[in-house]
Amino acid sequence: MTIGVCYFPEHWPDERWETDVRQMAEAGLSYVRMGEFAWGRIEPEHGEFDFAWLDEAIGLVGDHGMEAVLCTPTATPPKWLVDEHPDIRQADPDGTPREWGSRRFTCFNSPTYREETERIVRKVTERYADNPHVAGWQADNEYGCHDTVRCYCEDCAAAFREWLEAKYEEVEALNEAWGNTFWSQQYPSFEAVDPPGLTPAEHHPSRLLDYHRFASDSVAEYNRLHADLIREANDDWFVTHNFMGDFGALDAHSLADDLDFLGWDSYPTGFVQDRRPGQATTDELRAGDPDEVAMNHDLYRGAKRAPFWVLEQQPGDVNWPPHAPQPAEGAMRLWAHQAVAHGADEVLYFRWRRCREGQEQYHAGLRKQDGSPDRGYDDAAAAADELFDLEPVDAPVALLHDYESLWATENQPHSPHWHYWSHLRAYYDALRARGVQVDVVSPTSDLDDYAAAVAPTLYLVGDDLAAHLEAYVADGGHLLFGARTGEKDPHNQLHESLAPGPLADLAGVRVDQHESLPDGMPTRLRYDGETHDYRTWASWLDAEGATAVGEYTAGVAEGRTAVTRTDRGRGSVTYCGCWPTDRLADGLVTDLLGAANVAHTSRFPEGVRVAERNGYAWVTNFTSEELSLSAPTDAAFVVGGETVGAFDVAVVETPAATVSLD
Amino acid sequence: MTIGVCYFPEHWPDERWETDVRQMAEAGLSYVRMGEFAWGRIEPEHGEFDFAWLDEAIGLVGDHGMEAVLCTPTATPPKWLVDEHPDIRQADPDGTPREWGSRRFTCFNSPTYREETERIVRKVTERYADNPHVAGWQADNEYGCHDTVRCYCEDCAAAFREWLEAKYEEVEALNEAWGNTFWSQQYPSFEAVDPPGLTPAEHHPSRLLDYHRFASDSVAEYNRLHADLIREANDDWFVTHNFMGDFGALDAHSLADDLDFLGWDSYPTGFVQDRRPGQATTDELRAGDPDEVAMNHDLYRGAKRAPFWVLEQQPGDVNWPPHAPQPAEGAMRLWAHQAVAHGADEVLYFRWRRCREGQEQYHAGLRKQDGSPDRGYDDAAAAADELFDLEPVDAPVALLHDYESLWATENQPHSPHWHYWSHLRAYYDALRARGVQVDVVSPTSDLDDYAAAVAPTLYLVGDDLAAHLEAYVADGGHLLFGARTGEKDPHNQLHESLAPGPLADLAGVRVDQHESLPDGMPTRLRYDGETHDYRTWASWLDAEGATAVGEYTAGVAEGRTAVTRTDRGRGSVTYCGCWPTDRLADGLVTDLLGAANVAHTSRFPEGVRVAERNGYAWVTNFTSEELSLSAPTDAAFVVGGETVGAFDVAVVETPAATVSLD
Amino acid sequence: MTIGVCYFPEHWPDERWETDVRQMAEAGLSYVRMGEFAWGRIEPEHGEFDFAWLDEAIGLVGDHGMEAVLCTPTATPPKWLVDEHPDIRQADPDGTPREWGSRRFTCFNSPTYREETERIVRKVTERYADNPHVAGWQADNEYGCHDTVRCYCEDCAAAFREWLEAKYEEVEALNEAWGNTFWSQQYPSFEAVDPPGLTPAEHHPSRLLDYHRFASDSVAEYNRLHADLIREANDDWFVTHNFMGDFGALDAHSLADDLDFLGWDSYPTGFVQDRRPGQATTDELRAGDPDEVAMNHDLYRGAKRAPFWVLEQQPGDVNWPPHAPQPAEGAMRLWAHQAVAHGADEVLYFRWRRCREGQEQYHAGLRKQDGSPDRGYDDAAAAADELFDLEPVDAPVALLHDYESLWATENQPHSPHWHYWSHLRAYYDALRARGVQVDVVSPTSDLDDYAAAVAPTLYLVGDDLAAHLEAYVADGGHLLFGARTGEKDPHNQLHESLAPGPLADLAGVRVDQHESLPDGMPTRLRYDGETHDYRTWASWLDAEGATAVGEYTAGVAEGRTAVTRTDRGRGSVTYCGCWPTDRLADGLVTDLLGAANVAHTSRFPEGVRVAERNGYAWVTNFTSEELSLSAPTDAAFVVGGETVGAFDVAVVETPAATVSLD
Ligand SMILES: [Mg+2]
Ligand SMILES: [Mg+2]
Ligand SMILES: [Mg+2]
Ligand SMILES: [Zn+2]
Ligand SMILES: [Zn+2]
Ligand SMILES: [Zn+2]
């Protein structure tokens, strides 16, 4: 578990590099990521390459005992390339090209751009195939950032038609699968299918879903091109990619096989402003929301059930959220500890120095633009000093996350307040408040190792998935389903039977009605003898075999069943029809953990979390209040102690479930 | 007065149709509307027709003692058609085509689309010309839904030029009528006139008004094409169309002559979220706002002064508003009763079954997608059982509604809070709270039968209209004018004289000033000895012959006249310069009803309304509170009784004015 | 100091003109502005000119002892011209042309449009070269209104490339200056540079800044074409232009040399709704915010340090803001007095009569559309009667305003609440509340005459500007810098050293950190023994030679320096790192005035201001409360007296600093 940094030697005079790299080594850093936007520097004119600068930079990194992580520079093609090939640009739904002048404007399906990608990736990887200081590669950069997974250009239209033909073989099968009788939407041929453009009313949901699948697949295919070329040059190298937080358009699971490990870019105080509905608290604006960050750690760890890297860690103030409050004292260290507790093997701060030029001048680095230390520098050095080697995280609970259900529900949210990630977080936060490690995994993955699993919105369910989950429960698994689970089939049609369709037998329940409610309408239910509030969504259940354990107590729903539970051999299935607020989520989750015999803590307050890895419990304090811990008397503190200050951390050698707050 | 339903056999396996149709008959239904989006099913390839399925469905309907209402399927042309003729697509103001993939994207002025319309309509109408089970036709579907009355394509540009030439003959006349000296907007020829595209500043209001007139006329012409072809095939058939609620872009009056009766699509809990500014109450989210729904009943009844049909009645939860709360218990029955009380002869629920596929999966039917009864089913059957035959509504008061004044004021609202429909509703709601039936009619229609008339915003007034209203008052009519009446001439220019221009003599008033005020500025006036509040708009009046009966008491307007009244022989004219809040509107309206000797009730609370038809009083309770009625002791209750539960209805054989609440 | 009016004879029958012009003379008016939108009337067809009407109108003006101000009619080219030359249209960033049909849609860089401009301007100026009644010309109208300074057409692309080549000579110099290594944004040639189009992420800030400079320069060049042609025809004429209020896209300083004096269009009750974030008070909705209006007076006066004209003065209610409240009684007179107190030599009301046709029907004039007097008429006549000749304003303090800093900060606001003009106003309002006259001037202008200078956001600072300010302070000047001063170099890169870069030595300070904060986060500091609040922005300072005189007392900033001060010989420099709220701004400003020995008043309340010109103090009351003045006993009141009513004015012959409120 070490610390690294992202570096752009091309932004600085070469006489400075030696100093920069030496200071990195002095801070205890291990890896230096470079080259991700340097195509224009590497190939200033078509076919004229300049590698001397990068050779030198890598050499310096090696000379100082560190290793380089290189990036394919395909996120920022140079101007000469787009002027030669304007067809590589993406297009908006109305056909307007996305122009050069920022980044990520190129189409993943453009044959020209794929050729050019192959050309440059081959060139850079061959260059460093034998360089002993290069540890591995990041393919491209943040696929899909700035809303670019989905493109509507002619190349995409052609590729979409091929993708559909490969999937459905006959256009009649497509018409049947989508349900194109509705509004006369039958296609006479695959050739007649277009990407979803600008229409007076909303699109067919099945067409949209397949377009979202296709677009995500296109990125996966484009990534595979990189991975293959990198391994072709040197198959000892690792290949990774830096995904983003709370990012839905690209199915990270689908890239997992092509990567050695996943990486992601963690910006805690940006996410609370940019990714979540609602106003962040002052503490969150200073250090982020620990659960929001951790769920992404657990997602990118869960995708391969293996340690991941934070390929970009927020180093201080950043430029892209609406506001730029300075992080709390120590927040940059806190984030590194939290990442490692959740399974990171490496944390690279983005970036070494604040850049004087271009779009990210208002983005801090570990050092300021004049080379002096910035606020994150000491934090990074402290983390590098404190962290130590660890086994992977071993999580007892799975959270089933399905990108296709995200796409389908966000296309038909049926409420302006439906927000897939926030709904997932209702359950995730409750689990984390109880100190439980959670693998965020695909519902189709192997669940054998999990005592319990939560599926907040398993919206699209076919027979295979139903059978998979039945087997899990039959084998003793404890399963909690949340709102909208089983509403649709994999083609985004309603099931012939009522929801949850093929899960009805397993859950012993049918959905009689659903409704979505604006804030301000009464939303109450009774669960376990107590009254709770819910929000946004309510399905009214008919227990058919299960036991009603929650009942709506307000509105038209009054008297209808809200939550059911049923035992299935050693396993059990709970179905919650509504979006629970926090106390109800805690009740649902603790009952699940109890049934599954999963050790957990008393309920931690917002902002304070405990996470276990390799026998150590990390207590992270994302609040401005000092707190006081109880741990077993013989447990050794390896970082900090019983008193954990504002935005501080303690690491103690003991199971998480043995820790509590005074 | 019977009940029917909309059915899409093409969405279901044909072996199911018999069951479905039998269940309709069992529910007591009379009419089944079909075919409105079935072009793709009827003509899967160009020139290859398949009618067998529809023949069978109609046969089943007839076999079960019901009648079919068919629809021309022109709202959803198949993909092969738009691929053959991309020119049939509408265009946005910047020229972007509106794409296939939802519905209603075709241009009403496209010669190609008109030819294709003629071809398909001729085909379907000829097919069923002799079918004894087909009662009549709905032309197309919801003309202009999804903001498609106005198109900016080349075909529309050409048609607009012809329309202008037919209207003005010489371009100099157009330049004069519009007032094109302003900002050098003179046209050298009709050929030089374009649809209003994207300009840096706002458009010329006279140009916009004529474009809105032209666009509405284009739809009327397109409708006439349908009506003529339908009658050509079988002139015993009725022809109707399903208009929409609070829909302004299409002048429903202009289609009245071409239709045998008007129909419309009533979605009470959708309208309160989608059509009105401001947050709906919980009761409104559960059952809608009775006045909002009723004003549309009265508008589509008023357009022909004849019974209308509800061609689509909300059956339960719906997909298109922001939120989808479940309607109150009984709401679906309540809506049918209210429709009939306001003059409907038939109420068709939309639709028989929730559809598994396409854009409207989140739209309920009377039955669920698995065929089992949904919440509206019993309500529909109850309504079918309770309703009986009735004479048309006989309304004593007219509300003068003018689409052109709507277009003109909404193009120059002069306040972000100006909302034409809401301003009309200030007066309409006050009349309805007094139990008075109101015909919503064109100001140019024959007013002889009305004891009183209210013109909330008769904005565009020429000499002919002024003479028409003078004659009405001379004949004993009592007339109430509201804010902005008489501000402009029919070309959307200010009058040479001050407002209300040609109405000044009749009303005995001149508008000295007007102002629009944001919320939070003091807005008070004194009327009839009491202080009232107004909102958004204030014209300051100079009584010139009339008597000042209302005076502003706050702001710069303090001391200026707000309301005037003048007797004209047996008639009278009141002019109210501001947008009244509810208590002031009640005062204005009761004074009007008193002068005109119109029987009315004491003031009913929000949500409770009484409406008279054919000697019966319908008391509809759109609230969650039970209420207690007083009716003459000898009056017979034919539905319900003196206690009216939440969302319930009572029908009692007595004049509405004899009913009160305890 | 006289009063005039804008007149559009082309909107009225010619038989009316004599009456209109006679009534103007009766009101005591001196100047009549005409012709600004009359191209279509002057040249109804290409090459066919009609000047008879304008000849006659000018003759009538002269006959009644007044003078005409004519305007080149280029803001509204006729339809025949754009149909002949569609290439004269501007384009949006996505290439969509800006259409004819309102105004100002033509490209300043279009060679065709420049030719046509030359043709029509030559024609109209030659026509009146010898007319004794024409005093001078206004070039075009409100350059850039409706967001049209910046255009993205092909002509602009070509012109931008030339502009860049002229500036940088070699493309390598451009790449270096902008910093195009970042995200591979190097250009291979000037030919490869485009206007900034639609990109997935934000544009390079240096590219944007140069595009904004180029666009502003293009307007200046277009204005020069007018000025040269006007002077060529008759070099006794004055040439002016009517700029707009709080308008940032066009650098007014850059047109100053080409104009004899600057003019602007003042709409006080429009600005408070349209230009400022936040809700206006009732008094402001009735009379505007005096400081908002006055800062524009002082800007257009400061641009040439010479009297200016109000070329359009709001005459009553106006059409373009969201709401149109009637102005307070007397507001139209108050505005004229305020304008003169701030250095206007002439105030022309816009317009003589409300127009019956076109886009501005809801815009009052001094007379109504029927010719009768409107609310502003008596106010205008009163002002004409009361005003008298005066020397120019002599301001002791300069406010340094820099359009390029405005562009650069608004492109990288780093906070949704950053608003350049509002931040300037924090300091300007404080100075005005102390009765001090302020020249708003370019930072590069000669500052010798100013005892003190305030630079609220001198964002872009190079060595030359730093030297200029050093010389000012060395010479005894007292300088106050505000937030974000010195953050960037003139190419919009960060300095190599920390901010304020080349100003660091002068100010004795370095910026260690900055942050932007949403409302609701604690923002407190201590200055001069008192606790104050600040907003939006905080830079944390390290005093390096200066003395820390203000310290943050909340948040992560707690204990860091907020304000520094340093003496430099007879001069001094203060640096304030945050956006001060009003009491703090008063503290900063009074300390500055004290150091600089500038006479000032006690602090006037919001809405009441005193301004001195030529030995007279104007006390303007923009509130609905009467107030009571104290002036030296021997001071003569030339307008009003010691009691100043709501929205009234007093003029007393005494220095402003001798006046106070009781
Ligand atoms: Mg939380
Ligand atoms: Mg109401
Ligand atoms: Mg102020
Ligand atoms: Zn593409
Ligand atoms: Zn069209
Ligand atoms: Zn241009």
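Residues numbered from 1 in each chain as written. Chains lettered and ligands numbered in written order. Predicted model: local features only at pLDDT ≥ 70, side-chain atom pairs only at ≥ 80, totals over all residues. Heavy atoms only, no water.

Named according to an unreviewed UniProt entry, chain A is beta-galactosidase originating from Haloarcula limicola. In its Catalytic activity (unreviewed entry) section, the UniProt entry covering chain A states "Hydrolysis of terminal non-reducing beta-D-galactose residues in beta-D-galactosides." Checking UniProt for chain A, the heading Sequence similarities (unreviewed entry) contains the comment "Belongs to the glycosyl hydrolase 42 family." (UniProt positions renumbered as here; feature names shortened; annotations may be inferred.)

Novice: Just to check I follow, could you spell out the overall build of chain A for this structure?
Specialist: Helix and strand content of chain A: 18 helices and 27 strands. In terms of C-alpha radius of gyration, chain A reaches 25 Å, essentially the compact-globule figure of 26 Å for 662 residues. Taking the principal axes of its C-alpha atoms as reference, chain A extends roughly 75 × 75 × 45 Å. Every one of the 662 residues in chain A was classed for burial, and the buried ones make up 69%. Taking all contacts inside chain A whose residues are at least 6 apart in sequence as the whole, residues at least 24 apart take part in 72%. Working note: accessible area of chain A is about 19800 Å², and carbon and sulfur atoms make up 43% of it. Charge-centre separation for chain A: the mean point of 52 positive side chains lies 4 Å from the mean point of 115 negative side chains. (Helix = DSSP H or I, 4+ residues; strand = E, 2+ residues; numbered from the N terminus. Rg over C-alpha atoms; globule rule 2.2 N^0.38 Å. Buried < 20%, exposed > 50% of the residue type's maximum accessible area, 1.4 Å probe, protein only. Contact = heavy atoms within 4.5 Å. Areas by Shrake-Rupley, 256 points an atom, 1.4 Å probe, with all protein chains shown as cover. Lys, Arg positive; Asp, Glu negative; His and termini not counted. Charge placed at Lys NZ, Arg CZ, Asp CG, Glu CD.)

Novice: Looking at this structure, I do not really get the coordination of the zinc ion (ligand 6). What am I missing?
Specialist: For a metal bound by four donors in tetrahedral geometry, the ideal donor-metal-donor angle is 109.5 degrees, whereas six donors in octahedral geometry ideally sit at 90 or 180 degrees. All names here are of chain C. At this site the zinc ion (ligand 6) is bound by Cys107 (SG), Cys151 (SG), Cys153 (SG) and Cys156 (SG), with donor distances of 2.2 to 2.3 Å. Geometry at the zinc ion (ligand 6) is tetrahedral, judged from its 4 donor atoms and the angles of 95 to 124° they form at the metal. For Cys153, a relative accessible area of 7% puts it in the buried group. (Donors = N, O, S within 2.8 Å, 3.2 Å for Na, K, Ca; no water. Tetrahedral: all angles 85-135°; square planar, octahedral: opposite > 155°, others 65-115°.)

Novice: Honestly, the UniProt feature "domain: Beta-galactosidase C-terminal" (unreviewed entry) in chain A in this entry has me stumped. Any pointers?
Specialist: The sites that carry the UniProt feature "domain: Beta-galactosidase C-terminal" (unreviewed entry) are, in the present numbering, residues 607–653 of chain A. Split by type, residues 607–653 of chain A is 0% helix and 53% strand. Its first and last C-alpha atoms lie 22 Å apart.

Novice: What is the right way to read the coordination of the zinc ion (ligand 4) from this model?
Specialist: Here the zinc ion (ligand 4) is held by the protein donor atoms A:Cys107 (SG), A:Cys151 (SG), A:Cys153 (SG) and A:Cys156 (SG), which lie 2.2 to 2.3 Å from it. Taken together, the 4 donor atoms coordinating the zinc ion (ligand 4) span angles of 95 to 124° at the metal, a pattern that classifies the geometry as tetrahedral.

Novice: How should I be thinking about the relation of the copies chain C and chain A in this particular structure?
Specialist: Related by rotation about an axis and a shift along that axis, the two copies of the chain form a pair. With an RMSD of 0.0 Å, the operation that places chain C on chain A is a rotation of 120° combined with a shift of 0.0 Å along the axis. The superposition of one copy onto the other is thereby described by a three-fold rotation axis. Ranked by how close their C-alpha atoms come to the rotation axis, the residues of chain C are headed by C:Thr96, at 5.8 Å. (Least-squares fit on C-alpha atoms with pLDDT ≥ 70 in both.)

Novice: I tried to follow the interface of chain B and chain C on my own but got confused; where do I start?
Specialist: Interface extent is often summarised as the accessible area lost during association of the parts. If you look at the interface, chain B gives 55 residues, while chain C gives 53 residues. In total, chain B and chain C occlude about 4500 Å² of area from one another, counting both sides; carbon and sulfur atoms represent 56% of this. Inspection of the chain B/chain C interface yields 4 salt bridges. Linking B:Asp489 and C:Arg356 is a salt bridge whose minimum nitrogen-to-oxygen distance equals 3.9 Å. There are 24 residue pairs in polar contact (both at pLDDT 80 or more) connecting chain B and chain C. Of all the secondary-structure elements, those providing two or more residues to the side of chain B that touches chain C are α8 (205–233), β14 (509–516) and β16 (530–543) of chain B. (Buried area = accessible area lost by both parts, 1.4 Å probe. Salt bridge = Lys/Arg side-chain N within 4 Å of Asp/Glu carboxyl O. Polar contact = N/O pair within 3.5 Å; in protein donor to acceptor, adjacent residues only side chain to side chain.)

Novice: Is there a simple way to explain the pattern of salt bridges in this structure?
Specialist: Side-chain pairs of opposite charge can arise whenever the charged atoms involved come near each other. Counting across every chain of the model gives 150 salt bridges over all chains. Among the salt bridges present, the one from B:Asp586 reaches B:Arg603, with a minimum N-O distance of 3.9 Å. Remark: B:Arg603 occurs in the loop between α18 (582–595) and β21 (608–613) and B:Asp586 occurs in helix α18; sequence separation between them is 17 residues. Measuring nitrogen to oxygen at the nearest pair gives 4.0 Å for the salt bridge that ties C:Asp374 to C:Arg354. Of the two residues, C:Asp374 is situated in the loop between β9 (344–349) and α13 (375–386) and C:Arg354 in the loop between β9 and α13; the sequence distance between them amounts to 20 residues. Each member of the pair, C:Asp374 as well as C:Arg354, carries the same accessibility label: buried. In this structure, a network of salt bridges that share partners links the residues A:Lys79, A:Asp83, C:Arg161, C:Glu191 and C:Asp194.

Novice: Which parts of the structure should I look at to understand the packing of aromatic side chains?
Specialist: Note on aromatic pairs: each is described by the distance of the centres and the angle between the planes. Residue and element names in this part refer to chain C. For the structure shown, the criterion picks out 111 aromatic pairs over all chains. Aromatic side chains Trp163 and Phe214 sit 6.2 Å apart centroid to centroid with 70° between the ring planes, which places their arrangement in the edge-to-face category. With a gap of 51 residues between them, Trp163 in helix α6 (residues 154–168) and Phe214 in helix α8 (residues 205–233) connect regions that are remote in the sequence. On the accessibility criterion, Trp163 (18% relative accessible area) is buried. (Phe/Tyr/Trp six-rings, centres within 6.5 Å; stacked < 30°, edge-to-face > 60°.)

Novice: Honestly, the interface of chain C and chain A in this entry has me stumped. Any pointers?
Specialist: Chain C puts 54 residues into the contact, and the matching count from chain A is 54 residues. The junction of chain C with chain A conceals about 4500 Å² of combined surface from both sides, 56% of it contributed by carbon and sulfur atoms. Across the contact surface, chain C and chain A share 4 salt bridges. Secondary-structure elements contributing two or more residues to the side of chain C that touches chain A are α8, β14 (509–516) and β16 (530–543) of chain C. A per-element tally of the side of chain C that touches chain A places β14(C) first, with 5 residues. Partitioning the side of chain C that touches chain A into residue classes produces 21 nonpolar, 22 polar and 11 charged. (Nonpolar A, V, L, I, M, F, W, Y, C, P; charged D, E, K, R; others polar.)

Novice: What is the right way to read helix α15 (residues 420–433) of chain B from this model?
Specialist: Within an α-helix, residues lying three or four positions from one another point in the same direction, as the helix has 3.6 residues per turn. Residues and elements named next belong to chain B. Over its 14 residues, α15 runs 20 Å from end to end, which matches the ideal 20 Å to within 8%, given 1.5 Å per residue. Considering bend angle alone, the principal kink of α15 is centred on Ala426 and spans about 30°. Of all 14 residues that make up α15, 13 are buried, and the element is covered over most of its length. Note on α15: the residue one or two positions beyond its end, Gly435, has a positive phi of about 75°. (Expected span 1.5 Å × (residues − 1). Bend = angle between axes of the 7 residues up to and from the residue.)

Novice: What exactly am I supposed to notice about the pairing of strand β13 (residues 478–481) of chain B here?
Specialist: For a regular strand, side-chain orientation follows a simple rule: the groups alternate between the two sheet faces. Residue and element names in this part refer to chain B. Neither face of β13 is open: one carries His478 and Leu480, the other Leu479 and Phe481, and all of them are buried. Of the strand pairs in this sheet, strand β12 (residues 452–455) and β13 are connected by 4 bridges, and their pairing is parallel. Within β13, the position partnered with Ala453 by the bridge is Leu479. The parallel pair β12 and β13, bridged by helix α16 (residues 463–474), forms a crossover whose chirality is right-handed. Of the strand pairs in this sheet, β13 and strand β19 (residues 571–576) are connected by 4 bridges, and their pairing is parallel. Bridging across to β19, Leu479 finds its partner in Val573. (Pairing = 2+ DSSP bridges. Right-handed = clockwise from strand over helix to strand, strands pointing away.)

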